[in-house]
Amino acid sequence: EAAVTQSPRSKVAVTGGKVTLSCHQTNNHDYMYWYRQDTGHGLRLIHYSYVADSTEKGDIPDGYKASRPSQENFSLILELASLSQTAVYFCASSGLGGYQDTQYFGPGTRLLVL
Amino acid sequence: GQQVQQSPASLVLQEGENAELQCNFSSTATQLQWFYQSPGGSLVSLLSNPSGTKHTGRLTSTTVTKERRSSLHISSSQTTDSGTYLCAIDYTGANTGKLTFGHGTILRVHP
C-alpha cells in the first residue's frame, strides 16, 4: 500500500508569517502534488513535481512556493501567510502521472491563519 | 476554465439501497478518477475509468466519453459507504496527472 505522510497535521500561523508544509512518500513515485481544499471550492492543485529539483505550477500557485529536494520529499512554502490561505492541504503521489495512474493522498494538514 | 459537475450534491439512502452518482465534464478527458473522502477527511482512489465500464467490488463506473459523462454505481449500500465521492479529470491530454476535481456528492447511508 502506498504511503504518503504529511507534517504537521495541523498548524496555526499568523498573518505575514512563513509556513512550511512537508510531505514524504515511501512509494518510489516520481510525481507529487499539493492540493488545497476549501468549502465551496473543492480540491484545487497548487503545485506539482515529476522529478526531484523541479516543480511546476498548478491551477492556483499564487502565494505558494514548492520545493522537491529529493524523490521522497515535497514541501509547500507560504512565504507570507494570509487569511485566505486557511484551508486543508493535501499532498499526493503517483507513479507515472499518466493514464489510469492512481494518486495516493496523505492525511492532510489543517492550516489556520490568524 | 475546465469544470467538473457532480450530481446530486447529496444523497440519503437506507442501508441496502443502491446509489447512482453522476459526473459531467466539459471537454475531452484523458484520465478520470473517482475518489472517496471519509467523514474524517482522508482521501482514497476508488477507481480510474476514462472510458467504458469498470467494476471493483460493489462499485461500477461507466464513462461515455462522447457524452462527457461518467457514473458511479454503488450496489447494496452500507453505512460505511457514507462520505463524499469526488470525480476528478485530467484535461491536459499530456498525462501530467493534473486533476480537476468536482465538488463531490455527499452520501449518507442510514442503518
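The preceding data block contains the structure.
Residues numbered from 1 in each chain as written. Chains lettered and ligands numbered in written order. Predicted model: local features only at pLDDT ≥ 70, side-chain atom pairs only at ≥ 80, totals over all residues. Heavy atoms only, no water.

What's the story with the overall build of chain A in this structure? I'm lost.
Looking only at helices and strands, chain A features zero helices and eleven strands. Secondary structure elements of chain A occur, N-terminal to C-terminal, as β-β-β-β-β-β-β-β-β-β-β. Expressed as a percentage of the 114 residues in chain A, the buried residues total 50%. For chain A, the share of sequence-separated contacts (at least 6 apart) that also reach a separation of at least 24 residues comes to 55%. Element-wise, carbon and sulfur atoms account for 50% of the exposed surface of chain A, whose accessible area totals about 5300 Å². Side chains of chain A give 9 positive and 10 negative charges; the mean places of these two sets differ by 10 Å. (Helix = DSSP H or I, 4+ residues; strand = E, 2+ residues; numbered from the N terminus. Buried < 20%, exposed > 50% of the residue type's maximum accessible area, 1.4 Å probe, protein only. Contact = heavy atoms within 4.5 Å. Areas by Shrake-Rupley, 256 points an atom, 1.4 Å probe, with all protein chains shown as cover. Lys, Arg positive; Asp, Glu negative; His and termini not counted. Charge placed at Lys NZ, Arg CZ, Asp CG, Glu CD.)

Even after reading the chapter, I still don't get the layout of surface pockets, so can you show me in this structure?
One simple way to see leftover space: roll a probe sized like a water molecule over the atoms. Counted as a void, the largest pocket has a volume near 360 Å³. Taken together, 18 residues form the lining of the largest pocket, with Gln2(B), Gln3(B), Val4(B), Thr100(B) and Phe101(B) sitting closest to its centre. Those elements that provide at least two residues to the lining of the largest pocket are strand E5 (42-51) of chain A together with strand E1 (4-7) and strand E10 (100-101) of chain B. Residues that form the lining of the largest pocket fall into these classes: six nonpolar, ten polar and two charged. (1 Å grid on protein atoms, 1.4 Å probe; cavity = no way out; pocket = protein on both sides within 12 Å on 5 of 7 lines; lining within 4 Å. Points joined across faces, edges and corners; volume = space filled by probe spheres on them. Nonpolar A, V, L, I, M, F, W, Y, C, P; charged D, E, K, R; others polar.)

Explanation requested: the sheet that holds strand E3 (residues 19-25) of chain B in the structure shown.
The strands making up a sheet are joined through hydrogen bonds of the backbone, oriented either antiparallel or parallel. Residues and elements named next belong to chain B. One open sheet holds the five strands; their spatial order is E1-E3-E8-E7-E6, and the pairing between them is antiparallel. Of all strands in the sheet, those with a lone pairing partner are E1 and strand E6 (52-56), marking the two edges. Each adjacent strand pair in this sheet contributes to an overall mean axis angle of 15°, direction not counted. Alignment of E6 against strand E7 (residues 59-64), held across five bridges, turns out to be antiparallel. If you follow lysine 54 over to E7, its bridge partner there is serine 61. (Pairing = 2+ DSSP bridges. Axes fitted to C-alpha atoms, helices over the stretch in contact; angles between N-to-C directions.)

Where do I start with the pairing of strand E3 (residues 19-25) of chain A in this structure?
Residues and elements named next belong to chain A. Across the two faces of E3 the burial differs, with Val19, Leu21, Cys23 and Gln25 buried and Thr20, Ser22 and His24 not buried at all. By the bridge criterion, four bridges tie strand E1 (residues 4-7) to E3 in an arrangement that is antiparallel. Across the sheet, residue threonine 5 finds its bridge partner in E3, namely histidine 24. With six bridges joining them, E3 and strand E8 (residues 73-78) adopt antiparallel strand pairing. Bridge assignment links histidine 24 to a residue of E8, and that residue is asparagine 73.

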